[in-house]
Structures are given as C-alpha cells and as structure tokens.
Amino acid sequence: MDFDFSDDQKFLKSEARKFLEARCPVGVVRGVLDDPARSYDIDLWKAVAEQGWMGAAIPEAHGGLGLGGVELCAIAEELGRALAPLPFASTVYFVAEALKLAGSPAQQGRWLPKIAAGEVIGCFATVERPGVLTEAGVQARVEAGALTGVKIPVTDGDVANLAVVLAKEGGKPRLVLVDLAGAGVARETLETLDPTRSAAKLTFTGAPAEPLGEAGEGMVLAEAVLNRAAVLLAFEQVGGADKALEAAKQYALDRYAFGRPIGGNQAIKHKLADIYIKNELARSNAYYGAWALNDGAAELPVAAAAARVSACEAFWFAAKENLQTHGGMGFTWGVDCHLYYRRAQQLGLVAGGAKAWKERLVSQLERRNVA
Amino acid sequence: MDFNDTSQEAAYRDEARAWLAANAPKRSGAPDNGLDDPTNMEECRAWQRKKAEAGYACITWPKQWGGGGGAQWQSVIFGQEEARFDTPGNPFQIGLGMCVPTVMTSGNEADKERFVRPAVRGEEIWCQLFSEPAAGSDVAAARTRAVRDGADWVINGQKVWTSGAHFSDFGLLLARTDPDVPKHKGLTMFWIDMKAPGVEVRPIHQMSGASNFNEVYFSDLRVKDSQRVGAVGDGWRTSLVTLMNERLAIGGGGGAGHRTVLKLAQEISTLTGLAVKDSALREKIADWFVQAEGLKYTRYRTMTALSRGQTPGPESSIGKVVSATLMQDMAATAMDLEDQFGIISDPQTAPLAAGFQTALMNAPGLRIAGGTDEILRNIIAERVLGLPQDVRLDKEVAFKDIPTGR
C-alpha cells in the first residue's frame with residue numbers, strides 16, 4: 001500500500017509551493033482581477049514555463065519533462081492553492097491531454113513541444129448554450145476542413161492560440177484542431193464571474209480545421225478529456241479549499257468578539273471542522289483519481305466523477321463558509337474571501353457542474369452493478 | 001500512488017493468509033451478536049489463544065508480554081486477512097485496545113506481570129468504567145467516589161454505557177478521590193475485580209431493543225491501594241493514555257450502503273416511475289458514494305503512513321463523524337422509498353431483511369458512542385485546526401462547588 005505522493009513527488013510539490021509563494025502572492029492575482037484589460041499574468045506564465053510545468057506530463061520526446069499524471073496533480077494542487085491567474089488548465093489539462101489521447105504523431109510533434117515551452121495557449125471549445133453539454137446541443141459543423149459555428153463560453157478563448165473544438169461532420173460529432181491565428185475566427189471577450197480566469201465567445205466562419213481523432217468519436221473523446229481534466233481540476237480545488245480553510249482559521253483566531261477569539265465558539269469551530277472533513281474526503285477521492293489517471297484507465301470514469309463531485313462540494317463549502325466566518329469584512333473587495341468564492345464557482349463549472357457529474361457517476365455505478 | 005503491497009508486505013500477507021487458512025475456525029452457526037452476549041464465548045477464547053500462541057494477537061506488543069513484537073502495518077494486514085474469514089467475535093477488544101495498554105503504561109510491575117499475558121491469551125476479559133450518568137462528554141466530571149480506609153479504598157457510585165461489563169473479569173475504573181480540588185486534579189484510576197462483592201451489573205435496554213451496554217453500581221466496593229493504576233490524583237492523565245490507545249479505526253466500514261440503496265431503487269416505484277430513475281435520489285446516491293469512497297481512501301492514506309513507518313495524520317479522525325450520519329441518511333431515505341412498507345421491521349417481510357430499519361435504529365447510537373458528533377467536531381477544531389478550547393466555567397473551581405443543575 002502506497003497511497004500518497006512519493007518523496008520525490010512531495011519534493012516537487014513543496015518546491016512548487018515555494019515558487020508560487022514567491023511568484024504568485026495574492027497581489028499578482030489581484031493585478032489580473034483589477035485590470036479588465038488583462039486576462040492572465042504573462043510574467044507568471046513565462047516563469048511557470050521556465051519551471052517546465054506545462055510539460056510535466058508531456059513526453060521528453062516532445063519537449064516535456066516526461067513525468068506522470070501524479071506529478072501534474074501535485075503541481076495542480078499548488079496552482080489551485082495560489083489561485084494562479086493562468087490559462088494553465090485549458091492548455092495542459094484539456095488541450096495537451098486531448099492531443100496525447102487523440103492527436104496524430106504529426107499533430108503531437110507540432111503542438112506538444114510548443115505547449116511544453118509555454119509558447120502556445122490552448123482552449124477546449126465544446127458548449128454553445130446554457131445547460132449541460134449534449135450531442136444535440138452541438139450545432140457547430142465542419143465541412144471539407146472548414147469550421148462554422150459559435151462556441152460560448154470558451155475558457156481562455158480570448159488569449160488562446162490553439163483550440164480543440166467539438167463540432168459535427170456529416171451530422172456526427174467529432175473533435176477538430178483550429179489554429180486561432182488563422183482566417184475565419186472572431187473572438188469576443190466575456191465578462192466572467194471570476195475575472196482572474198477569462199473566457200470568450202468564439203465565432204468560426206469557415207475557419208480551417210483539421211480532424212483530431214476519428215470521425216464520429218467527438219462525444220467519446222470529449223468525455224475522455226473531461227475525465228482527465230476532472231481529476232487535475234480536483235487537485236486545484238483541493239488546494240484552493242485548503243487555503244480557504246487556513247484563511248478562515250486565521251481569522252477565527254485573530255478576530256475578537258465578546259472578549260475572546262470568535263474561533264472559541266462552537267458555531268465557528270464546528271463549521272471549520274466540517275470544512276476540514278469535506279477537504280479530507282475530497283483529497284482522498286482526488287488521490288484515487290490520480291491513481292486512475294496514471295494506472296487505472298478502466299476505473300477512471302468512476303474515479304474522475306467521484307473526485308470531481310467531492311472537490312466541487314469541498315471548495316464551494318470552504319469558500320462560502322470562509323467568507324461567512326469573516327463576517328462583514330468578507331463581503332468587501334479588499335479582503336480575499338471573494339477570490340476563493342469566485343474561483344470555487346469557476347472551477348466547479350469549467351468542466352461541467354457537479355449535478356451532471358453526479359448523474360455520470362451513478363450511471364457508471366449502475367453499469368458496475370449489472371456487470 | 002499504488003495499491004499493491006511492497007514485497008515485504010506481500011510476504012507477510014501470504015504468511016498470515018496461509019496461517020489463517022490452516023487455523024481459522026469454522027463458525028458454530030450461532031449468530032454473531034458482537035459484544036451483546038457472546039453465546040460462543042468459548043470459541044472466542046479458543047481463537048484468541050490460538051492467535052496468541054502464533055504471535056498474531058496484539059501483534060505490536062512486545063513478545064515479553066505475550067504480543068507479536070511486530071509493526072503497525074503487520075497488524076493492519078493481519079486484520080484485513082482475518083476479516084476475510086468467518087472468525088468468532090472479539091469480546092477482548094476493549095480490554096486489549098484500551099484497558100490493558102493503560103496497565104502496561106501506568107500500572108505497577110506486579111500488575112503487568114499478573115494481567116497482560118492472560119488478557120492477550122483471551123483468558124481474562126476487561127471492561128472500561130469511565131462514563132457516568134452525569135459525566136458523558138464531560139468524562140472528567142466523574143462522581144464515583146473512592147475514599148481511603150487504611151490500606152484500602154472504598155468505592156461508591158455508578159458507571160454507565162459499559163460494554164461487556166456482564167462478561168468481564170476486570171474493569172478499569174476512574175474515580176473521584178478528592179472533591180476539594182478542580183475536577184481534573186481529583187481523579188484516580190483503579191483496576192477492580194468485576195466479580196467482587198459490591199459490584200452490580202445491570203444491562204441497559206437500548207432503543208434498538210438490544211443490550212450492548214450496562215450500568216455498573218458500586219456499593220462499598222473495597223479495593224486495595226495496590227489496585228491503583230498511576231498516582232493518586234493522576235487519573236485524568238492516565239485516562240488520556242487509555243483513550244489515546246483506542247484502536248486505529250482501520251478496516252471495514254459500511255461501504256455497501258449505496259449499492260444496497262441502488263438495488264432497492266431498481267425494484268421500487270415512485271409516482272414518476274422506477275425509483276432508480278429519480279434524479280433527486282440519484283444525486284443522493286452520488287453524494288453517499290463519494291463520502292463512503294472518501295473514507296475508504298482516507299483509511300488507505302492512514303495505512304500508507306503506517307506502512308512507511310510514519311505517524312498517521314489527523315485525517316484518520318474524520319471516520320465516525322462521517323459514517324454515522326451517512327448510515328442514518330441512507331436508512332431514512334431507503335425507508336422513504338419503501339414508503340408505507342417502511343414501517344415494517346420484521347426481517348421476514350421487510351425488504352432486504354429489514355437492513356435499513358435496523359440501521360435506522362442503530363445510527364443514533366453510532367452518532368453518540370465513543371464521542372458524539374459534537375465532541376468529535378470540537379476535537380478536530382481544537383487538536384487539528386488549533387482553535388481555542390470552549391469556555392470552561394468549572395476549570396478553576398473545586399469539584400464539589402461545580403454547579404450540577406440539581
């Protein structure tokens with residue numbers, strides 16, 4: 001039994017934490033929050049690229065570090081903890097994973113080294129309307145290598161160079177790769193709940209698009225990418241939830257009312273204990289997801305859904321109750337509680353909301369029960 | 001991240017499995033009613049003796065005291081393997097998990113010599129006499145009096161919630177020896193002979209119908225000063241040793257619950273069709289699954305720490321607080337699905353042999369025993385998160401002057 005990060009992985013994680021504490025203090029996050037013109041922090045992006053993190057799970061042959069999924073999970077937890085304002089998830093958890101899953105050798109050779117070097121930002125464009133992603137909801141179409149349609153919202157679509165797009169070809173869904181520098185691409189930046197993470201509406205009018213994976217496999221591949229991303233995002237969520245708990249604890253110790261720290265009241269103590277419990281359950285589920293990501297492909301659909309459901313619940317609960325613990329100060333712009341509150345929602349929705357993932361989880365369990 | 005044994009672990013597991021296959025007894029067929037009233041006590045004792053002789057009882061204890069002289073991870077692996085066999089119940093758990101370790105840590109040499117080996121071999125059974133009617137969560141408020149009389153102590157009072165008192169040979173007793181000092185300072189620990197005159201055991205009839213616990217009354221029970229465990233007035237510190245020795249909650253844990261609800265939902269109708277198609281129920285099943293799996297993998301993290309020779313992190317403290325409410329929620333929801341049929345508790349008639357009805361009636365006990373939900377949250381808040389203790393109005397007050405509300 002070895003159900004934890006290894007010593008090497010722990011070292012990587014603690015180095016990542018130190019790096020982000022130095023390079024991504026909350027001022028960097030607020031820099032993006034307070035400047036509508038900025039979608040992410042370019043200096044931090046470059047610094048993170050120098051660390052090789054975008055290529056952590058990209059093979060060395062393609063310019064990556066050639067580490068495993070578990071190492072990427074360790075990095076993800078630290079990025080989540082730091083609320084890093086970066087298009088990291090879109091680029092690495094979605095687009096790089098999609099290329100690794102379905103890309104041709106030529107596509108992998110062309111794009112993975114650029115992603116590993118931090119030269120390319122990716123985005124994963126699937127939905128077009130409010131509500132859960134379904135096959136019927138995909139209207140974008142590709143004909144003779146030209147993509148037409150609208151994708152909204154596309155996280156990091158305003159700054160991305162490369163898009164993986166879900167569209168229909170001959171009435172059947174498939175994935176395509178679109179170089180966003182090409183013709184037939186219009187972008188409109190959207191106002192987002194979490195301004196430290198940007199999104200856009202992408203309008204394609206006959207944009208050149210090359211197939212990614214087989215025709216007709218769009219939904220299956222999109223789901224496979226979402227499963228992988230869900231695990232990695234769960235680590236970001238666990239990192240954020242831990243930091244929110246620490247903030248709540250510190251405030252509960254520092255803030256005096258009725259002659260003593262508010263953290264001496266059971267209403268606060270039990271609330272924080274409940275945050276701790278949810279965080280630990282989420283961490284354990286995320287660990288199982290990490291194992292499945294690396295070694296247990298057959299278990300991944302269940303493990304990913306469990307990791308996501310647990311992490312969504314934990315980060316949301318930690319973020320809202322951290323804010324509540326701060327009282328009126330928590331409702332101000334100047335105190336950081338709203339940064340976690342916003343990010344918890346952003347991460348909780350970006351790969352599809354918890355409600356839909358619960359349904360996916362139970363469908364898997366039914367199949368397992370029958371088998 | 002790896003679920004496989006290391007080669008060392010695998011070797012130990014093979015060895016344990018082979019030994020169990022050759023030695024584990026076949027069940028007599030008597031129902032396993034746990035601590036309730038083991039009808040198969042002789043089988044339990046025989047199995048414990050056999051394990052002790054092979055070094056599989058109290059695996060982590062020194063060989064000098066009859067233990068196995070092994071490591072925590074070995075104990076965990078043996079426990080997992082033993083759970084695969086249909087072995088007799090374990091009426092020795094409280095004694096070997098809490099009482100005897102306290103004797104080993106705080107008792108005198110003669111007591112260690114006298115008690116440890118027979119307990120390991122299952123020859124003598126112990127119970128723990130801490131809780132009282134007016135000292136539950138606040139166990140340091142124990143009122144049972146021990147008054148010195150020459151070389152003896154005379155004990156009067158009442159204990160409650162004592163598991164296994166009716167079949168125990170000895171008990172570890174927390175008593176008030178000085179009511180004139182603050183409550184934590186006036187307690188002293190003793191061992192007592194449960195068969196001595198002046199000890200009366202009365203079973204508690206629980207709401208579930210079972211009787212797993214007892215009240216124990218003391219009327220002029222006379223004990224020798226040599227039966228004292230630890231110094232006079234040091235009983236609270238000694239009791240903390242007992243509570244810290246509580247076995248690591250590793251092993252089973254009702255993981256099957258969500259599966260059973262899912263099965264039930266495939267056979268039961270709602271107004272809108274089969275229950276299994278009901279999205280509200282499906283969301284609940286997902287929530288339960290995630291909690292049960294989260295606990296399972298939290299136990300794996302604890303085992304990993306043990307396997308690496310490290311002390312498990314505080315995450316091992318969340319188990320009961322999650323599982324007890326989970327059990328209650330699942331039971332109530334399942335009975336709601338059964339609708340009017342849910343009122344039937346006859347296992348012959350109720351779905352799934354009335355499993356959910358039984359769980360519903362046991363869950364309140366689980367939320368209270370061994371630390372209530374509220375006390376466990378306090379422990380997490382104080383010991384894990386470092387938040388301040390509750391305001392204690394009785395802290396600096398002589399015990400006899402503490403308000404009792406009566």
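Q: Mind laying out the overall build of chain B, listing which residues take part and the relevant values?
A: Within chain B, the secondary structure is distributed over eleven helices and ten strands. Rg of the C-alpha trace for chain B: 23 Å, near the compact-globule value of 22 Å for 406 residues, within the 12% margin. If you line up chain B on its principal axes, its C-alpha atoms span 75 × 55 × 45 Å. Sorting the 406 residues of chain B into buried and exposed places 38% on the buried side. Once local pairs closer than 6 in sequence are excluded, the contacts in chain B between residues at least 24 apart make up 69%.

Q: I'd like to hear about the pairing of strand β7 (residues 213–224) of chain B, residue by residue, with values.
A: The side chains of a regular strand alternate between the sheet's two faces. Residue and element names in this part refer to chain B. Direction of pairing for strand β3 (residues 152–163) relative to β7: antiparallel, over a ladder of ten bridges. Paired with Q158 across the strands is Y217, a residue of β7. Inspection of the sheet shows strand β6 (residues 199–203) paired to β7 by five bridges, in the antiparallel sense. Within β7, the residue paired with V201 across the bridge is V216.

Q: I'd like to hear about the packing of helix α7 (residues 218–254) of chain A against helix α8 (residues 266–294) of chain A, residue by residue, with values.
A: Residues and elements named next belong to chain A. For the pair α7 and α8, interaxial distance at closest approach is 9 Å and the crossing angle is 160°. By the angle class used here, α7 and α8 are roughly antiparallel. Viewed along their axes, α7 and α8 form a crossing whose handedness is left-handed. Taken together, the residues of α8 that come into contact with α7 (itself represented by R228, V231, A234, F235, Q237, V238, A241, D242, L245, A248, K249 and A252) are I268, L272, I275, Y276, N279, A282, R283, A286, G289, A290 and L293. Residue composition of the contact of α7 with α8, grouped by class: 16 nonpolar, three polar and four charged.

Q: Residue-level account of unusual backbone geometry, with values.
A: All names here are of chain A. Looking along the chain, the bond that leaves I152 and enters P153 is cis, with omega of -10°. Structurally, the position occupied by P153 is in strand β3 (residues 146–155). Residue L83 is not a glycine yet carries a positive backbone phi of 55°. Tracing the backbone shows L83 in the loop between α4 (69–81) and α5 (88–102).

Q: Pulling in residues and values, what's your account of the interface of chain B and chain A?
A: Listed per partner, the contact involves 37 residues of chain B and 38 residues of chain A. Where the side of chain B that touches chain A is concerned, the elements lending two or more residues are α7 (257–265), α8 (279–307), α9 (319–338) and α11 (373–384) of chain B. Per-element tally for the side of chain B that touches chain A: the top contributor is α8(B), with 16 residues. Considering only residue class, the side of chain B that touches chain A consists of 20 nonpolar, six polar and eleven charged.

Q: Got a sec to walk through the packing of α4(A) against α8(A)? Specific residues and values, please.
A: Residue and element names in this part refer to chain A. At a minimum axis separation of 8 Å, α4 and α8 run at an interaxial angle of 145°. Contacts between α4 and α8 involve G69, V70 and C73 from the first element and A290, L293 and N294 from the second. Partitioned by chemical class, the residues of the contact of α4 with α8 number four nonpolar, two polar and no charged.

Q: An account of the environment of B:K51 is needed here, citing residue identities and associated values.
A: Residue and element names in this part refer to chain B. With respect to the secondary-structure elements, K51 resides in helix α2 (residues 41–54). In the structure, K51 is positioned 31 residues away from L20 in sequence and 9.3 Å away in space, judged by C-alpha atoms. Setting aside anything within four residues of it in sequence, one finds K51 in contact with Y56 and A57.

Q: Lay out the domain arrangement of chain A with the relevant residues and their values.
A: Residue and element names in this part refer to chain A. Split by domain assignment, chain A resolves into domain 1 (7–86 + 104–116), domain 2 (122–216) and domain 3 (225–370). In this structure, domain 1 and domain 2 have C-alpha centres spaced 24 Å apart. Of the residues lining the interface, ten residues belong to domain 1; the matching set on domain 2 comes to ten residues. Counting residues per element, the ones that place at least two in the side of domain 1 that touches domain 2 are α2 (26–33) and α6 (105–116). Class assignment for the residues of the side of domain 1 that touches domain 2 results in eight nonpolar, two polar and no charged.

Q: Which residues make up the domain arrangement of chain B, and what values go with them?
A: Residue and element names in this part refer to chain B. Here chain B is partitioned into domain 1 (7–91), domain 2 (126–244) and domain 3 (257–370). Centre-to-centre, using C-alpha coordinates, domain 1 lies 29 Å away from domain 2. Taken together, the contact between domain 1 and domain 2 spans five residues of the former and six residues of the latter. Class assignment for the residues of the side of domain 1 that touches domain 2 results in four nonpolar, no polar and one charged.

Each value, and the rule that gives it
- All residue numbers refer to position in the chain's written sequence, counted from 1.
- To label them, take the chains in the order written and letter them from A, then take the ligands in the order written and number them from 1.
- Only residues with pLDDT of 70 or above have their local features reported here, since the model is predicted, and side-chain atom pairs are shown and tallied only from 80 upward, although totals for entire chains, interfaces and linings are computed over all residues.
- Numbering goes from the N terminus for both helices and strands, where a helix is a DSSP run of H or I of at least four residues and a strand is a run of E of at least two.
- What the globule rule says is 2.2 Å times the number of residues to the power 0.38, and the radius of gyration is computed from C-alpha atoms.
- Exposure criterion: with C-beta atoms placed from backbone coordinates, a residue whose C-beta has 20 or more other C-beta atoms within 10 Å is buried, one with 12 or fewer is exposed, and one in between is partly exposed.
- C-beta atoms are first placed from the backbone for all residues, and any pair lying within 7 Å is then listed as a contact.
- Think of it this way: DSSP has to see at least two bridges between two strands before they count as a pair.
- Axes here mean lines fitted to C-alpha atoms, for a helix over just the part in contact, with angles spanning 0 to 180 degrees between N-to-C directions.
- The cut-offs work like this: below 35 degrees is roughly parallel, past 145 is roughly antiparallel, 65 to 115 is roughly perpendicular, and the gaps in between are oblique.
- We call a crossing left-handed when the near helix sits turned anticlockwise from the far one by less than a right angle, and right-handed when that turn is clockwise.
- Each residue is assigned to one of three groups, with Ala, Val, Leu, Ile, Met, Phe, Trp, Tyr, Cys and Pro labelled nonpolar, Asp, Glu, Lys and Arg labelled charged, and all others, Gly among them, labelled polar.
- For the domain bounds, the source is a domain assignment made automatically or taken from a database.

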